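Chain residues, written in single-letter form:
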Amino acid sequence: MAKEKIQVDFRFRDKLNKVQGGKHHNYCYQCSACVAVCPAARFTEEFNPRVILLKALLGMEEALTGEDSPIWLCTNCYSCYERCPQDVRPIEVIIALKNMAVQRQKAPASLAKLSDNIAKTGVSVTVTSAVNRRRQELGLPPIKTIPIEELKEILEDPQGAAKDSE
Ligand code: SF4
Ligand code: SF4
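Predicted model only: the values in this text are computed from it and were never measured.

1. A word on helix α4 (residues 49–58)
Alright, step 1. Turning to α4, its buried residues number three or more, namely Pro 49, Ile 52, Leu 53, Ala 56 and Leu 57. For α4, the arc enclosing every buried residue in end-on projection is 140°, short of the 170-degree limit, so these residues lie on one face.
Alright, step 2. Looking at the buried side of α4, the elements it contacts are α1 (10–18), α2 (33–37), α3 (39–43), α5 (61–65) and α7 (90–103).
Alright, step 3. Looking at where α4 begins, the residue whose side-chain oxygen comes 2.9 Å from the main-chain nitrogen of Arg 50 is Asn 48.
Alright, step 4. Remark: Gly 59 follows α4 within two positions and exhibits a positive phi of approximately 75°.

2. Overview of the pattern of salt bridges
Alright, step 1. Summed over all chains, the structure comprises 6 salt bridges.
Alright, step 2. Two residues, Asp 9 and Arg 11, come together in a salt bridge whose shortest N-O distance is 3.4 Å.
Alright, step 3. Since its relative accessible area comes to 19%, Asp 9 is described here as buried.
Alright, step 4. Under the relative-accessibility criterion, Arg 11 is labelled exposed at 65%.
Alright, step 5. A salt bridge links Arg 89 to Asp 87; the shortest N-O distance between them is 3.1 Å.

3. Quick word on the packing of aromatic side chains
Alright, step 1. Counted under the stated rule, the structure contains 1 aromatic pair.
Alright, step 2. A ring pair is formed by Tyr 78 and Tyr 81, whose centres lie 5.7 Å apart and whose planes are at 40°; its orientation type is tilted.
Alright, step 3. For Tyr 78, a relative accessible area of 32% corresponds to the partly exposed category.

4. With respect to the site of ligand 2
Alright, step 1. The local shell around ligand 2 holds 13 residues, among which Cys 38, Cys 74, Thr 75, Cys 77 and Cys 80 are the closest.
Alright, step 2. Classifying every residue of the shell around ligand 2 gives 10 nonpolar, 3 polar and no charged.

5. Structural notes on the packing of helix α8 (residues 109–121) against helix α10 (residues 148–156)
When two helices pack together, their arrangement is given by the angle between the helix axes and the distance between those axes.
Alright, step 1. In contact at an axis separation of 8 Å, α8 and α10 are set at 125° when each is read in the N-to-C sense. As the angle between them shows, α8 and α10 are arranged oblique. Note on element contacts: α10 touches α8 through Ile 148, Leu 151 and Leu 155, opposite Ile 118, Ala 119, Lys 120 and Thr 121.
Alright, step 2. Along the lines of polarity and charge, the residues of the contact of α8 with α10 split into 5 nonpolar, 1 polar and 1 charged.

6. Comments concerning a nonpolar patch on the surface
Alright, step 1. A surface patch of nonpolar side chains, amounting to about 190 Å² of accessible area, comprises Val 127, Val 131 and Ile 143.
Alright, step 2. For Val 131, the location among the structural elements is in helix α9 (residues 129–137).
Alright, step 3. Val 131 sits in the partly exposed class, given a relative accessible area of 35%.

7. Focus on the site of ligand 1
Alright, step 1. As a matter of local geometry, ligand 1 sits amid 14 residues, with Cys 28, Cys 31, Ser 32, Cys 34 and Cys 84 nearest to it.
Alright, step 2. At the level of elements, α2 and α4 are the ones that each hand at least two residues to the shell around ligand 1.
Alright, step 3. By residue class, the composition of the shell around ligand 1 is 10 nonpolar, 3 polar and 1 charged.

8. A few points about the packing of α1 against α7
Alright, step 1. At a closest axis distance of 10 Å, the pairing of α1 and α7 adopts a crossing angle of 105°. In terms of their interaxial angle, α1 and α7 are classed as roughly perpendicular. Taking contact as the criterion, the partners of Phe 12, Lys 15 and Leu 16 in α1 are, on α7, Val 93, Ala 96, Leu 97 and Met 100.
Alright, step 2. A per-class count over the contact of α1 with α7 returns 6 nonpolar, no polar and 1 charged.

9. Comments concerning the domain arrangement of the chain
Alright, step 1. You can read the domains of the chain as domain 1 (10–103) and domain 2 (109–164).
Alright, step 2. When each unit is reduced to the centre of its C-alpha atoms, the spacing between domain 1 and domain 2 is 27 Å.

Rules behind the numbers
Here the residue index of a chain counts from 1 through its sequence in written order. Whichever chain is written first becomes A and whichever ligand is written first becomes 1, with later ones labelled in order. Totals for whole chains, interfaces and linings use all residues, but because this is a predicted model, local features are given only for residues with pLDDT of at least 70 and pairs of side-chain atoms are given and counted only at 80 or more. Processing note: side-chain calculations cover all non-hydrogen atoms of the structure and skip hydrogens and water entirely. Only protein chains enter the accessibility calculation, which uses a 1.4 Å probe. A residue is then buried if its area is under 20% of the maximum for its type, exposed if over 50%, and partly exposed in between. We count a stretch as a helix when DSSP gives it H or I for four or more residues in a row; a strand needs E for two or more, and each element gets its number in order from the N terminus. Summarising the geometry, the arc corresponds to the directions from the helix axis toward the C-beta atoms. Residues count as neighbours in contact if any of their non-hydrogen atoms are within 4.5 Å of one another. Nitrogen and oxygen atoms within 3.5 Å of one another constitute a polar contact, given that in protein one can donate a hydrogen and the other can accept it, and given that sequence-neighbouring residues count only through two side-chain atoms. Salt bridges are identified by distance alone: a Lys or Arg side-chain nitrogen within 4 Å of an Asp or Glu carboxyl oxygen. In summary, the pairing rule links any two rings of Phe, Tyr or Trp, Trp by its six-membered ring, whose centres are within 6.5 Å, and it sorts them by plane angle into stacked for under 30 degrees, edge-to-face for over 60 and tilted for everything else. Nearness is judged by heavy atoms alone; a residue qualifies as near a molecule or strand once a single heavy atom is within 4 Å of it. Basically, the charged four are Asp, Glu, Lys and Arg, the nonpolar ten are Ala, Val, Leu, Ile, Met, Phe, Trp, Tyr, Cys and Pro, and anything else, Gly included, counts as polar. Axis definition: a line fit to C-alpha positions, over the contact stretch in the case of helices; interaxial angles, taken between N-to-C directions, run 0 to 180 degrees. Angles are sorted into four bins: roughly parallel if under 35 degrees, roughly antiparallel if over 145, roughly perpendicular if 65 to 115, and oblique for all others. A patch consists of residues whose relative accessible area exceeds 30% and which take part in no salt bridge; residues with like charges are grouped when within 9 Å of each other, and nonpolar side chains (Val, Leu, Ile, Met, Phe, Trp, Tyr) when within 5 Å. Here the accessible surface of atoms and residues is derived via Shrake-Rupley with a 1.4 Å probe, and residues count as covered only by protein chains that are part of the display. Marked domain ranges trace back to an automatic or database domain assignment.

Set out below in structure tokens:
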């Protein structure tokens, strides 16, 4: 029986190269060092950073930025960033893929609520008065107020905000 052939899609790789954090995927030599330290890979077979990099190298756009993509299982712990001998920075490639999925409107719907909350309040989960009371009981300091106006400026013009801070 003939094996299914996979054609490398260089157009997707070019697209990924242009997204911030994406271009280092080219340096991956599939050693699996990132898998050895990845907490998400330890708990589920669905997630494997080496396989994500392999699919990026093959240009498998739908598998990586479609609705069933495993990229959302990454915990953003950055262990792979420190371990990778090739400076691939797998977490940054995964963030680039997440941004591409959001642009394609393929990100999980639950994330939209979280990002709306961040845009409105500066935090992903609303801090209620009950939370603050409990913190007081536990002797914890109140949660710092987020400078919302500053956050709005950054969200409206991220590149301008980056230039201002240079
Ligand atoms: S991303 Fe780095 S650590 Fe992971 S497989 Fe590729 S070269 Fe190895
Ligand atoms: S950042 Fe994501 S891919 Fe990297 S080690 Fe942590 S969970 Fe795994």
